[in-house]
Amino acid sequence: MGTIAVIGGGVSGMTAAAAAARKDRRAGVYILEHNDSLGKKILSTGNGRCNLTNRNMSAACFRGGDQEIVEAVLRRFGGRQTEEFFHSVGVLTHARGDYVYPRSEQAADVRESLQMELARLRVGCHMNEHVKKIRKEGPEFIIESGGKQFRADKVILACGSRASKIAGSDGSGYTLARELGHTLEPVVPALVQLKVRGNPFAKAAGVRTEARIAAIVGGREAASDTGELQITSYGVSGIPVFQVSRFISRGLYEKRRVQTEIDFLPEMSLQETERLFIQRRQQFRGRSAGEFLTGVFSRKLIPRLLELAGIRLNTPAEGITPKQLKSLSYVCKRTVLDIEDTNGFEQAQICAGGVKTSEICPDTMESLLMPGVYIVGELMDVDGMCGGYNITYAVATGYIAGCHAADAVSLLPETACL
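Below: a short report on this structure. (Residues numbered from 1 in each chain as written. Predicted model: local features only at pLDDT ≥ 70, side-chain atom pairs only at ≥ 80, totals over all residues. Heavy atoms only, no water.)

Quick look at the sheet that holds strand 18 (residues 335–342)
Read around the closed barrel, six strands run 13-16-15-14-17-18, paired in antiparallel fashion. Recorded for the sheet is a direction-independent mean angle of 45° between the axes of neighbouring strands. Two strands pair when backbone bridges link them, and strand 15 (residues 220–231) and strand 16 (residues 235–237) are joined in this way by two bridges, in the antiparallel orientation. Across the sheet, residue isoleucine 231 finds its bridge partner in strand 16, namely valine 236. Packing of helix 6 (residues 239–253) onto the sheet brings it into contact with strand 13 (194–196), strand 14 (208–217), strand 15, strand 16, strand 17 (258–263) and strand 18, and relative to strand 15 it is tilted by some 140°. Together, strand 17 and strand 18 form the strand contacts of helix 10 (residues 322–334), whose direction differs from that of strand 17 by roughly 115°. (Pairing = 2+ DSSP bridges. Helix = DSSP H or I, 4+ residues; strand = E, 2+ residues; numbered from the N terminus. Axes fitted to C-alpha atoms, helices over the stretch in contact; angles between N-to-C directions. Contact = heavy atoms within 4.5 Å.)

Some words on the pairing of strand 10 (residues 148–152)
The pairing of strand 9 (residues 140–145) with strand 10 spans five bridges and is antiparallel. When the bridges of strand 10 are listed, isoleucine 142 appears paired with arginine 151. A loop of two residues connects strand 9 with strand 10, the two strands running antiparallel in sequence, and glycine 146 in this loop sits at a positive phi of about 60°.

Concerning helix 1 (residues 11–23)
Here helix 1 contains 13 residues, and its C-alpha end-to-end distance of 18 Å stays within 8% of the 18 Å for a straight helix at 1.5 Å per residue. In terms of burial, helix 1 is a largely internal element, eleven of the 13 residues being buried. For helix 1, the complete set of buried residues consists of Val11, Ser12, Gly13, Met14, Thr15, Ala16, Ala17, Ala18, Ala19, Ala20 and Ala21. Looking at the buried residues of helix 1, the elements they touch are strand 1 (3–7), strand 2 (28–32), helix 3 (79–88), helix 4 (107–120), strand 11 (154–157) and helix 11 (389–410). (Expected span 1.5 Å × (residues − 1). Buried < 20%, exposed > 50% of the residue type's maximum accessible area, 1.4 Å probe, protein only.)

Some thoughts on the pattern of salt bridges
Tallying each qualifying case throughout the model produces 24 salt bridges. Between glutamate 137 and arginine 135 there is a salt bridge; the shortest N-O distance is 3.2 Å. Classification of arginine 135 as partly exposed rests on a relative accessible area of 26%. A salt bridge links arginine 208 to glutamate 228; the shortest N-O distance between them is 3.1 Å. Of this pair, arginine 208 sits in strand 14 while glutamate 228 sits in strand 15, and the two are 20 residues apart along the sequence. Here glutamate 228 falls in the partly exposed class, since its relative accessible area comes to 39%. Bridged by salt links that share partners, the residues Arg135, Glu137, Glu140, Glu144 and Arg151 form one connected network. (Salt bridge = Lys/Arg side-chain N within 4 Å of Asp/Glu carboxyl O.)

Keep in mind these values describe shape, not function.
Laid out in structure tokens, this is it:
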């Protein structure tokens, strides 16, 4: 009977352990987790509702390493299989549009269901184990944790990234992977808020508004997204900001000039916006400049837009010049902000970067440099957009690795990916 060690008890690790134990009930499967409980990060996903997957699932929704590994993973285990896996542990699902959640909309139920499945499968779960080193000794791996040693025939690295440190993510898996011979793409925060240099919208903090935001890196648009923008005292947040933040983070890491361009009226062209303002100036000529935009933008946002356009708040609407209206239109459509930083890893939902995907077998998640070791989830250089993509990838890679590791301990070693 072979043994399989899973390093990390997040969603990818728990899935890997469950898949391995289901595949070969004779195998000894155990998890080493450095927190005092499994699945801590699950509790914070989807604002506590846990967005499990997305019914609009494709490799285009992921960034990072080459697309080959993402496509290979999704061919074997995509959104439908992710839902089926959660159903198999007792979690019913329902969708809001393409976004799939547990029917109870409680992340705690997802964690508890996974824990109960591990208990049913008699997976050993060792808490507060801080793995410091993994070494090969003959046919076995020796795992050092504190003053203890664990042995395993196969090792699945499911340690997560540096994101959400409050949930226990500390980036230790990167060190383990590097010591096993792997190389890393630079690791930066992703799905994270942005800090604006000299934020001109600081006094509009708390405003939420539909907007398009583009990441401008080195003078070129790298990505864009449209949705609910949240203005903060230090900068900008919200899903569209998260979607472009990995490009901002990478640009900052590379010490390039990084900006965002915000379109506060994404449903209109620049010309349509200017015509709207000309029409409103005429229609509401008895109002002040601050008042003639009421009904278009939030009351807290209007003074900031007028200020950027060089228009005094108490200027009569009929006194706004054509040049000022044109300036206001540009401000509303093309406000460019310099980004000085992102919020840190502790506030990031995930990381961009990690173990190079070219060093991982796309069909099995097995290391091409250290056979018998599998790398799954956020540890590798793949990051998904908001919307359940990262949990799907964690579950999919964990499941594939768990199944293959179970096959490998019960069959000949040459079944490993070459």
